[in-house]
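So you can see what is in the structure, the chains are spelled out below.
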Amino acid sequence: MDPLSPAALPAGIRSRMVPGINGLTMHVLEAGKPGQPVLLLLHGFPELAFSWRRVMVPLAEAGFHVIAPDQRGYGRTIGWSDAYDTDLRTFAMLNLVRDQLALLATLGMPHVHAVIGHDFGSPVAAHCALVRPDVFRRVALMSAPFAGPPAIGSSHRAPAADIAQALAALPRPRKHYHWYYATRPANGDMMTAPEGLHAVLRAYYHHKSGDWAGNDVFPLAGWTADELAKLPTYYVMDAAETMPQTVAHEMPSAAQIAACTWLTEADLAVYAAEYGRSGFQGGLNGYRTRFLGTNMEMEVFAGCRITVPATFIGGARDWGVQQAPGALRKMETEATADWRGTHLVPGAGHWVQQERPEETVRLLLGFVA
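Thresholds applied
Residues numbered from 1 in each chain as written. Predicted model: local features only at pLDDT ≥ 70, side-chain atom pairs only at ≥ 80, totals over all residues. Heavy atoms only, no water. Core = buried A, V, L, I, M, F, W, Y, C linked by side-chain atoms within 4.5 Å. Buried < 20%, exposed > 50% of the residue type's maximum accessible area, 1.4 Å probe, protein only. Contact = heavy atoms within 4.5 Å. Helix = DSSP H or I, 4+ residues; strand = E, 2+ residues; numbered from the N terminus. Pairing = 2+ DSSP bridges. Right-handed = clockwise from strand over helix to strand, strands pointing away. Disulfide = S-S within 2.5 Å. Salt bridge = Lys/Arg side-chain N within 4 Å of Asp/Glu carboxyl O.

Asker: Could you clarify how one ought to interpret the nonpolar core in this entry?
Answerer: One broad rule of soluble globular proteins: the nonpolar side chains tend to lie buried together. Counting 116 residues, the largest nonpolar core has Leu 41, Met 56, Leu 103, Val 139, Tyr 181, Tyr 205 and Met 243 as its most contacted members. In this structure Leu 103 touches Val 18, Ile 21, Met 26, Val 28, Leu 40, Ile 67 and Pro 69, once residues within four positions along its chain are discounted.

Here is the structure:
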C-alpha cells in the first residue's frame, strides 16, 4: 500500500499534487473546507508535510482551511535537483518564499490567515511574513527562533564555519551539525547507514525528542566552542562521526519504541519510504546555502522587523530553542514588532507538534483567534 494513500492518512486529510509552482509540482496535504481562513504549515528537516498530521484535522475542525506542502527538496514535491553540485540559488531563502507565493496564487488564495513554520520551516515562515506581510498576515514560529534578517555583508560569514576550528581544537574534538550537513558525504552517510534508514530516523527523532533523558535545556552563555560543546551531539557532533553514527548511540529500546505513541512504527515507515525515494540532499541544500552567500538578497531587509502578529511555540525539552545563544531574546525584542508570546510546552522536545499535538493546537488557536 502507498504509505500516503488515503488509508494511511488520518481521516480528514487529503493528498494531491499541484503543478506549476515556481518550477515545481508540489505535493500538498490539506484539511478543512475551501473558502475558510487559510493556515499554511511549513515543515522542517528531516520532515515532511506528513509531520503536521496530528494537528491538521483539529485546526480544520476549528474553522480553518489547512494547507501543508512538501517544501522544495522534500518528499513528493518534484522539479528540483538532488545533485550536490546543483545551482543552490534555487534553494535560496527568497526563492523558498516565492514557492509559497506561487502555491497560494495557483490555489487562488490571495492571503493566508497565518503561516506556521517548524524547524527549517520556521525561518521560511519568518521570511514570508517579513517580505510579504500583506499575504502572510500572522506568523507562528516553532522550535527555531528567528533572530532577524541577515546584516549587510554577513551572508558570507557563516557562524558554523567561524567556530569550526575552535570546536575541532577542543580536548574532545567536535563539529557543528550545520557544517557536517553541508559536506558532500552527508546524504550518502544517511542513505547507506548499515542500520538502515528506518533505524537511523528512529534514533534521530528519539534523540531530539522529549523522550530522550539528556534533553535538559538551559541557555548558553555565548557562541564559543566551550559553550557549544554543552549541546547534545545531534547539534555539536563528535568530530570523527557521521550523523547515523551519532544517533545510533541513543537508539531507544524495543520497549521505548512500543511506548512511543507520537511516532508509531507505521508513521516512521512513511518517513523511511519517502526519504528512501527522495534522499536527503534537497533538505541538506538548505543548510549549504548558509555557507555560500546564497541568501545575500535577504540583506536588503537588514534592520527590518516582522510587523505582523508573531508568536513562538517550542518544547521545554528542545535544545533547538537555545542552540543559537541570544536568538530567542532577539526574536522577542528586535526581530518582531508585534510579539504575542513565547510558549514552551512541558515535556515536549524538538518535534512539538507531533509530541504534544493537543497543546500545540490549543496554543495555535489562541494565537489565530
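Asker: Can you walk me through the pairing of strand 6 (residues 139-142) in this structure?
Answerer: Along a regular strand, successive side chains alternate from one face of the sheet to the other. Neither face of strand 6 is open: one carries Val 139 and Leu 141, the other Ala 140 and Met 142, and all of them are buried. In the sheet, strand 5 (residues 114-118) pairs with strand 6 via four bridges, with the strands oriented parallel. From the neighbouring strand, Gly 117 faces strand 6, where its bridge partner is Leu 141. Between strand 5 and its parallel partner strand 6, the chain crosses via helix 3 (residues 121-131), and the hand of that crossover is right-handed. In this structure, strand 6 lies alongside strand 9 (residues 310-315), joined through four bridges in parallel fashion.

Asker: Help me understand the state of the cysteines, please; the structure alone is not making it clear to me.
Answerer: The term disulfide refers to a covalent linkage connecting the sulfur atoms of a pair of cysteines. Enumeration according to the criterion identifies zero disulfides in this entry. Lacking any disulfide linkage, Cys 128 is separated from the closest cysteine sulfur, that of Cys 304, by 15 Å. Assessed through its relative accessible area of 0%, Cys 128 is described here as buried.

Asker: Looking at this structure, I do not really get the pattern of salt bridges. What am I missing?
Answerer: Where charged atoms from two side chains of opposite charge approach closely, those side chains can pair. The full count for this structure, using the stated rule, is 16 salt bridges. For Glu 227, the salt bridge goes to Lys 230, with nearest N and O atoms at 2.5 Å. The shortest N-O distance in the salt bridge between Asp 338 and Arg 340 comes to 2.8 Å. With relative accessibility at 23%, the residue Asp 338 sits in the partly exposed group. The structure contains a network of salt bridges with shared partners spanning Arg 14, Arg 16 and Glu 30.

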